[in-house]
Amino acid sequence: MRVLTHCLSFGKPRSLIGLWLGLTGLLAAIALSSLLYGAGDIGPARAWQALQHLGATSGGEARFVLTELRMPRLWIGLVVGAALGIAGALLQAVTRNPLAEPGLLGVSAGAAFAVTLAILWGADTATLRVSVAQLGALGGCLCVLAAARLQGIGDDPVRLILAGAILSGLLHSLSSLILLYDQYTADEIRFWVVGSLAGRQLDDLVPLFPSLGIAALLTVMLARPLAALALGEHVAIGLGHHPRLVRLLVIVVVALLVGGATAAAGPIAFVGLVVPFAARALAGPDIRRTLWLCLPLGPIVVVSADIVSRLVVPPSELPLGVLTALIGAPVLIGVVRGRRLPTL
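Just so it is clear, the structure is predicted and the values come from calculations on it, not from any experiment.

Q: Sorry if this is basic, but what is going on with helix 13 (residues 287–311) here?
A: Note that an α-helix has 3.6 residues per turn; residues three or four places apart therefore point the same way. The terminal C-alpha atoms of helix 13 lie 35 Å apart, and with 25 residues this matches the ideal 36 Å at 1.5 Å per residue to within 8%. Here helix 13 lies mainly inside the structure; 19 of its 25 residues are buried.

Q: For this particular structure, what's the right way to read a nonpolar patch on the surface?
A: Taken together, Leu170, Leu174, Leu177 and Leu180 make up a surface patch of nonpolar side chains, about 420 Å² in accessible area. Along the chain, leucine 174 turns up in helix 7 (residues 157–181). Leucine 174 sits in the partly exposed class, given a relative accessible area of 33%.

Q: So what exactly am I meant to see when it comes to the nonpolar core here?
A: If you look at soluble globular proteins, the nonpolar side chains tend to sit buried side by side. Within the largest apolar cluster, 92 residues are counted, with the highest numbers of intra-cluster contacts made by Val80, Leu90, Leu91, Leu226, Val250, Val254 and Leu257. It is helix 4 (residues 60–95) that contributes the most residues to this core, 16 residues altogether. Setting aside anything within four residues of it in sequence, one finds valine 250 in contact with Leu90, Val94, Leu222 and Leu226. In this structure, Phe113, Leu167, Leu171 and Ile178 belong to the second largest nonpolar core, which totals 6 residues.

Q: Looking at this structure, I do not really get the confidence of the model for the chain. What am I missing?
A: Atom-level detail of predicted coordinates should not be read off regions where pLDDT is low. For the chain, the mean per-residue pLDDT works out to 81, and 84% of the residues sit at or above 70. Here residues 1–13 is a poorly scored stretch, pLDDT under 50, and it has 17 contacts once near neighbours within four places are set aside; other chains count.

Q: Mind showing me how you'd approach the pattern of salt bridges here?
A: Pairing of side chains with opposite charge becomes possible as their charged atoms draw close. Evaluated as defined, the whole model comprises 6 salt bridges. A salt bridge links arginine 73 to aspartate 306, with the shortest nitrogen-to-oxygen separation between them at 2.7 Å. Of this pair, arginine 73 sits in helix 4 while aspartate 306 sits in helix 13, placing them 233 residues apart in sequence. Residue arginine 73 is classed as buried on the basis of its relative accessible area of 8%. Note on aspartate 306: relative accessible area 2%, which makes it buried. For arginine 73, the salt bridge goes to glutamate 317, with nearest N and O atoms at 3.1 Å. Highlighted residues: arginine 73 in helix 4 and glutamate 317 in the loop between helix 13 and helix 14 (320–338), separated in sequence by 244 residues. By sharing partners, the salt bridges in this structure join Arg73, Asp306, Arg310 and Glu317 into a single network.

About the cut-offs
Residues numbered from 1 in each chain as written. Predicted model: local features only at pLDDT ≥ 70, side-chain atom pairs only at ≥ 80, totals over all residues. Heavy atoms only, no water. Helix = DSSP H or I, 4+ residues; strand = E, 2+ residues; numbered from the N terminus. Expected span 1.5 Å × (residues − 1). Buried < 20%, exposed > 50% of the residue type's maximum accessible area, 1.4 Å probe, protein only. Patch = residues over 30% accessible without salt bridge, like charges linked within 9 Å, V, L, I, M, F, W, Y side chains within 5 Å. Areas by Shrake-Rupley, 256 points an atom, 1.4 Å probe, with all protein chains shown as cover. Salt bridge = Lys/Arg side-chain N within 4 Å of Asp/Glu carboxyl O. Core = buried A, V, L, I, M, F, W, Y, C linked by side-chain atoms within 4.5 Å. Contact = heavy atoms within 4.5 Å. pLDDT = per-residue confidence, 0-100.

Encoded structure:
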């Protein structure tokens, strides 16, 4: 516990703790709404009644919908939201670019394309798909890091986004070719194209826990070095940190988080842009504060979008990736035009 406090220490703890608790309370209310509302015939009243008798051995259709459909997608939404939010904050910190986001820079596309290849080659275990997705995300991260260090690209946020868009477009085109080649793969892979929490089960989370645990531990260790690196490489070196090692470890963490999230819910864009944007607006540019607030803010964005996706076109559902794009696109436009994000 002392290590955690030391690594993620922050100024004005009372105000930040109060903000964090407030966001956690909001997340709890949104989580309850996720269990009560859906696109089917089970309304809030029946869902609430089933929730009150959750331990009963019988409960009919309402209990089935609550325990087998809504509750698994809620838990997956919580994990995916936190993973993408923290990954976006880390990616923006390591590139020193407020526009850096896994979905925009091709990291999520790399993970999805890797999963497409895995399905094509017969990988039918969730654990293998998670590993493949993380390797694909790592490849996307390395491309981002290489582009960020190119003169004229890394110094210009818009050019970096364009480079990421080219990579994403290429990978999506290759995925489309695979879909045309194999109809069975096309049926399996549609889920990975737009991102969704529908149809997911709690078993899909189990293979994520080891890698997410490693990513959480590395994030705790990297918080202080990243805060020092934000002051400049010379300052970070003077404080005893190694910038190249820090960047490499951050890329590994981002790959683990984005790959795991993509394996669980498909590529979900803009969460890694919106969540750090909101966290910095609330708590300032310190990466340690940003990471703390990304923990509740990420799930808030993902679970809220998932609730809306169920209700806007009943009895059908919109893909989650469509809703997050609608939320994130105005933020992206505002950043590009106004550059009013807090300084990284």
